[in-house]
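Understanding the architecture of this molecule
Here's the letter readout for the chains.
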Amino acid sequence: MLGTKSEKTKPTTPDSAAASATKPTTPPVRYELSQIVQAARFEDLPGWATDDLRATWPGFLQSCKTMTAKASGAPWKRVCEIAKNIDGSDADAVRAFYEGRLSPYALVNPETQSNDGLITGYYEPLLRGSRKQDGAFQTPVLAVPTDLLTIELGDLVPELKNMRLRGRLEGNKVVPYASRNDIVGQTGYRAGKDKVLLWVDDAVELFFLQIQGSGRVKLPDGNMVRLGYADQNGHPYRSVGRVLIDRGELKAEEASMQGIQGWARKNPAKLNELLSTNPSYVFFRELPANPNPDLGPPGAQGIPLTPERSIAIDPKSTPLGVPVYLSTTKPNSSEPLNRLMLAQDTGGAIRGVVRADFFWGFGPAAGEQAGKMKQSGRMWLLLPPEAAPR
């Protein structure tokens, strides 16, 4: 449920809580594939025989381009070259490619040797906004402030590669960056440092935009602006859903995105105080217009997400770009949801081997599904022989 997970971040790295004089956090575990997969057969994949694999083809070709452009993508070069000549509208040809060129490997949690993990959902929300602060449009959507520093720890300590701290200069010291409460409430040193991209009409909708990491804002003239994650203030995320549960304001089963939004509508005077319990704050950038509005925002791979065919994964265990077969159930349901997905995104809360965030697409209907998705599921990587674990 979205009220109890941290923000989507694109791209995501294992950030520390905030810049400070304290020692850096321990680097997260990064597993070798041979430690976390088991060889499988396509017959082991529930629903594989009936999945329409054509829905993955455009996204797979895009992932191929990104993977093979990097040195680490060398094992994919041969199969991606072959894929260019496949007719993506031919269901039999696409199936023959996947079954003939790739092999499935079940992901396994190394601590428990279990194949089961957590599958959540996310989406691209729609907000109402304006280029000017006017009328109902009083809540700012901020770009990255000019005084936000990002320190790449790997530049100082090689063992901390891909880890970073965020802060600001105070004299000749780097101190923790402002918390959400400071950013929202201050008018002193913040003056001139914050760039407002847009003004929106709903603070709680902006909060959930920060959780999702990207979204669209409809302007008064009908034009649509797409926003994407740009940076974060370095403070840890605290779940407002958990706060409401602990205070007895909501039951655990009510602390979904929709439940939190409903609470906010009933308690407008308490909203700012609730949101301030989460010190994390996300900054945005305006994205170029996408000629295909049916596709989602760019994920961590830098290519547009495909609704209901893209997932966010933990890149420490699942390589970005690879096809992943997912076997789970629909939100709040026992109805099977079995289909081939593409690992094209990452997220701040997506940590673990058997762990994925299912991209539902754009708008309220997608949000309805994403907001209540917290299912058990299993995952299989589809790999070419050159990328097979040894």
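Look up: the structure comes first, before these words.
These numbers were taken from a predicted model, which means no experiment stands behind them.

**Considerations on the overall build of the protein chain**
A count of helical and extended segments in the protein chain gives 10 helices and 17 strands. Out of the 390 residues belonging to the protein chain, those deemed buried represent 52%. In the protein chain, once contacts between residues fewer than 6 apart in sequence are set aside, the share between residues at least 24 apart is 79%. Total accessible area on the protein chain is roughly 17500 Å²; 51% of this is exposed by carbon and sulfur atoms.

**Topic: the pattern of salt bridges**
Enumeration according to the criterion identifies 21 salt bridges in this entry. Measuring nitrogen to oxygen at the nearest pair gives 3.3 Å for the salt bridge that ties Arg-95 to Glu-99. Taken together, the residues span about one helical turn, with Arg-95 and Glu-99 both in helix α4 (residues 91-101) at a distance of four residues. Of the charged contacts, one joins Arg-131 and Glu-286 as a salt bridge, the two residues approaching to 3.1 Å between their closest N and O atoms. With Arg-131 in the loop between β4 (126-130) and β5 (139-142) and Glu-286 in strand β12 (residues 282-287), this pair connects stretches of sequence that are 155 residues apart. Counted as one network, the salt bridges with shared partners bring together Arg-41, Glu-43 and Asp-44.

**Quick word on the pairing of strand β2 (residues 103-107)**
For β2, the tally of buried residues reaches four of five residues, placing the bulk of the element in the interior. The pairing of strand β1 (residues 37-39) with β2 spans three bridges and is antiparallel. Bridge pairing links Gln-38 to Ala-106 in β2. Here β2 pairs with strand β17 (residues 374-383) via four bridges, running antiparallel. Bridging from a neighbouring strand, Ser-103 pairs with Leu-383 of β17.

**Some points on the packing of aromatic side chains**
For any pair of aromatic rings, the description rests on two quantities: the centre-to-centre distance and the angle between the ring planes. Taken as a whole, this structure holds 14 aromatic pairs when the rule is applied. One residue, Arg-216, lies across the ring of Phe-362, its end atom 3.8 Å from the ring centre.

Criteria and cut-off values
- Residues numbered from 1 in each chain as written.
- Predicted model: local features only at pLDDT ≥ 70, side-chain atom pairs only at ≥ 80, totals over all residues.
- Heavy atoms only, no water.
- Helix = DSSP H or I, 4+ residues; strand = E, 2+ residues; numbered from the N terminus.
- Buried < 20%, exposed > 50% of the residue type's maximum accessible area, 1.4 Å probe, protein only.
- Contact = heavy atoms within 4.5 Å.
- Areas by Shrake-Rupley, 256 points an atom, 1.4 Å probe, with all protein chains shown as cover.
- Salt bridge = Lys/Arg side-chain N within 4 Å of Asp/Glu carboxyl O.
- Pairing = 2+ DSSP bridges.
- Phe/Tyr/Trp six-rings, centres within 6.5 Å; stacked < 30°, edge-to-face > 60°.
- Lys NZ or Arg CZ within 6 Å of the ring centre and 35° of its normal.

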